[in-house]
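Remarks on the overall topology
These are the residues of each chain, in order.
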Amino acid sequence: PEVISVREFAEKLGVEPNQLLQDLIALGKFVAINQPIDFETASKVAEKYGKVVKLEGVEEEEEKALEAELVETPDREEELEPRAPIITVMGHVDHGKTTLLDYIRNTKVAEREAGGITQHIGASVVDIDTSEGKKKLVFLDTPGHEAFTAMRARGAQVTDIAVLVVAADDGVMPQTVEAINHAKAAGVPIIVAINKIDKPGANPERVKQELTQHGLIPEDWGGDTVMVPVSAKTGEGVDELLEMIALQADLMELKANPNKPARGVVLEAKLDKKRGPVATLLVQSGTLKVGDAIVAGLYAGKIRAMFDDKGRPVKEAGPSMPVEVLGLEDVPLAGDKFYVVESLEKAREIAQKRQELARQSALEREKRISLEDLFSQM
Ligand code: GTP
Ligand code: MG
């Protein structure tokens, strides 16, 4: 159903109805316990608890049928090879996510951003030296964590490790808590970067104390969460943080089969006036090659050119690698999955079916919504 009552929703979320009512009031919604709440409101509240609300409808089943066509044959153990970890940097606004990434990849993105707020997911591949030799780490910078939520809502889980940035002069804030809930709900291990320790008001111990209240106990207090004090400005502690990330990644023994047609997720996409649709794809398995025919979300395409995270042209991209690609026929959505198929013809056929389905479910949705409008007028 399009709507759900406060009571039912509270039950599904596993929170007290009274708590839920308060959450709703905080959003400016004054409703009674047996009244329905709409999808958008439900989504906002669910986010606070690290949950994702989905619309039920025809699309799901038919989509499943379509996905079935594209089912991935399971890999045999001997086909798997180690892959780099995908690390998502999360945390409250202005706590220093982009600055930390800038320091790590030696760029100055934070300064160039309009108003300092991250507008897109940047993906960067970083080579680091650890005590066990060279390692690759792939970082995703999230704008707040809406993108993370949007991806999870679409069933795309790309993150292996979450780095939670908490500013030592500000402490745990609402979005810090949301990030913790997201990572926990996704079952992703969290490494905490206690940032801005160079600032006069910095109090890393207080941050640890506050995090304890959210179930993250630092290792030096007998818990199992790694917390590294850093300064994204001076670089203090950053090497240790990277070492800890690499260590966590080693424990996870991440693997994928690089020797098959690629599949993965759209991280971002836009229409470029000169180059046409441009998409940043994250390859999750297989190897993506120039000339491949792909379906990304609702659209088909043939990879015309491919660039790595530093803008250098590449011919191939294996598991865990983010690449910018040209050649899609339209702009997919962040979180859409992509698949390599045998020909552009096949890709177009699948894309067409999907567009048809999308139109149908849009119609269904309209129907349901107008029904409810009728109700509310009665
Ligand atoms: P959003 O993308 O808006 O969520 O912010 P963000 O978390 O990416 O923060 P950003 O990196 O843009 O940093 C916010 C401000 O904090 C900037 O003015 C940075 O220069 C400053 N900053 C970040 N890290 C540090 C640090 O370690 N020390 C000091 N002194 N300032 C920092
Ligand atoms: Mg940022």
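See the structure above.
In this text the structure is predicted, and so the values were computed from the model without any measurement. (Residues numbered from 1 in each chain as written. Chains lettered and ligands numbered in written order. Predicted model: local features only at pLDDT ≥ 70, side-chain atom pairs only at ≥ 80, totals over all residues. Heavy atoms only, no water.)

Right, let's talk about the overall build of the protein for a bit. Helix and strand counts for the protein come out as 11 helices and 18 strands. Considering the protein as a whole, with its 378 residues, one finds that 47% of them fall into the buried category. Restricting the contact set of the protein to residue pairs at least 6 apart, pairs at least 24 apart contribute 72%. When the accessible surface of the protein is split by element, carbon and sulfur atoms take 51% of a total near 19,400 Å². (Helix = DSSP H or I, 4+ residues; strand = E, 2+ residues; numbered from the N terminus. Buried < 20%, exposed > 50% of the residue type's maximum accessible area, 1.4 Å probe, protein only. Contact = heavy atoms within 4.5 Å. Areas by Shrake-Rupley, 256 points an atom, 1.4 Å probe, with all protein chains shown as cover.)

This next bit is on the environment of Glu 78. With respect to the secondary-structure elements, Glu 78 resides in the loop between α4 (58-69) and β3 (81-82). The exposure class assigned to Glu 78 is exposed, which follows from its relative accessible area of 61%. Put simply, Glu 78 and Asn 257 are 179 residues apart on the chain and 9.0 Å apart in space, counted from C-alpha to C-alpha. A distance of 3.1 Å separates the side chain of Glu 78 from the side chain of Arg 76, its partner in a polar contact. (Polar contact = N/O pair within 3.5 Å; in protein donor to acceptor, adjacent residues only side chain to side chain.)

On to the packing of helix α2 (residues 17-26) against helix α3 (residues 39-48), then. At a minimum axis separation of 10 Å, α2 and α3 run at an interaxial angle of 115°. Relative to α3, α2 is oriented roughly perpendicular. The interaxial crossing formed by α2 with α3 has right-handed handedness. Across the interface between the two elements, Gln 19, Leu 20, Asp 23 and Leu 24 from α2 touch Thr 41, Val 45 and Lys 48 from α3. Each residue belonging to the contact of α2 with α3 can be placed in one class, and the counts come to 3 nonpolar, 2 polar and 2 charged. (Axes fitted to C-alpha atoms, helices over the stretch in contact; angles between N-to-C directions. Parallel < 35°, antiparallel > 145°, perpendicular 65-115°, else oblique. Left-handed = near helix turned anticlockwise from the far one by under 90°. Nonpolar A, V, L, I, M, F, W, Y, C, P; charged D, E, K, R; others polar.)

Looking now at the site of ligand 1. Around ligand 1, the surrounding shell holds 18 residues, and the nearest of these are Lys 97, Thr 98, Thr 99, Asp 198 and Ala 232. Within the contact set of ligand 1, an oxygen atom lies 2.9 Å away from a side-chain nitrogen or oxygen of Thr 98. Asp 198 is positioned such that a nitrogen or oxygen atom in its side chain is 2.7 Å from a nitrogen atom of ligand 1. Considering ligand 1 on its own, with 650 Å² of exposed area, one finds that the protein chains cover 81% of that surface. In terms of residue count, the dominant contributor to the shell around ligand 1 is helix α5 (residues 97-105) (3 residues). Of the residues contributing to the shell around ligand 1, the split by class is 3 nonpolar, 9 polar and 6 charged. (Near = heavy atom within 4 Å.)

This next bit is on helix α9 (residues 204-212). Val 207, Lys 208, Glu 210 and Leu 211 are the residues of α9 that are buried. For α9, the buried positions fall inside an angular range of 165° around the axis, keeping them on one side. Where α9 is buried, its residues touch β7 (161-167), α8 (174-185), β8 (190-195) and β9 (227-229). (Arc of directions from axis to C-beta.)

Let us look at the nonpolar core. Core analysis: the largest hydrophobic core is formed by 27 residues, its most contacted members being Leu 281, Leu 288, Ile 294, Met 306, Val 325 and Phe 338. Take this core: its biggest share by element is 4 residues, from strand β12 (residues 276-285). Listed in part, the 24 residues of the second largest apolar core include Val 165, Ile 191, Val 238 and Leu 242. (Core = buried A, V, L, I, M, F, W, Y, C linked by side-chain atoms within 4.5 Å.)

As a further point, take helix α1 (residues 6-13). Those residues of α1 not exposed but buried are Val 6, Phe 9, Ala 10 and Leu 13. Projected onto a plane normal to the axis of α1, the buried residues spread over an arc of 100° and lie on a single side. For α1, the exposed residues lying more than 90 degrees away from the buried face are Glu 11 and Lys 12. As for α1, its buried residues are in contact with β1 (4-5), α2, β2 (36-37) and α3.

With that settled, consider the sheet that holds strand β18 (residues 337-341). In spatial order, the strands read β11-β12-β17-β15-β14-β18; together these 6 strands close into a barrel with antiparallel pairing. Neighbour-to-neighbour, the strand axes of the sheet open up by a mean angle of 45°, direction not taken into account. Bridge count between strand β14 (residues 293-296) and β18: 4 bridges; the pairing is antiparallel. Across the sheet, Val 295 pairs through a bridge with Tyr 339, a residue of β18. (Pairing = 2+ DSSP bridges.)

All right, on to the sheet that holds β9 then. Judged by pairing direction, the sheet is mixed, and its 6 strands sit side by side in the order β5-β6-β4-β7-β8-β9 without closing on themselves. The open sheet is flanked by β5 (122-130) and β9, the only strands paired with a single partner. The mean angle between the axes of side-by-side strands here comes to 30°, regardless of whether they run parallel or antiparallel. In this structure, strand β4 (residues 86-91) lies alongside strand β6 (residues 133-141), joined through 4 bridges in parallel fashion. Along β6, the bridge assignment pairs Val 89 with Asp 141.

Moving on to the pairing of β12. The element β12 is largely enclosed, with a buried count of 9 among its 10 residues. Here 9 bridges tie strand β11 (residues 263-272) to β12, and the two strands are oriented antiparallel to one another. Considered in β12, the bridge of Arg 263 is made with Ser 285. The antiparallel pairing of β11 with β12 creates a hairpin that spans 3 residues between the two strands. Direction of pairing for β12 relative to strand β17 (residues 322-328): antiparallel, over a ladder of 5 bridges. Among the inter-strand pairings, Ala 279 is bridged to a residue of β17, identified as Val 325.

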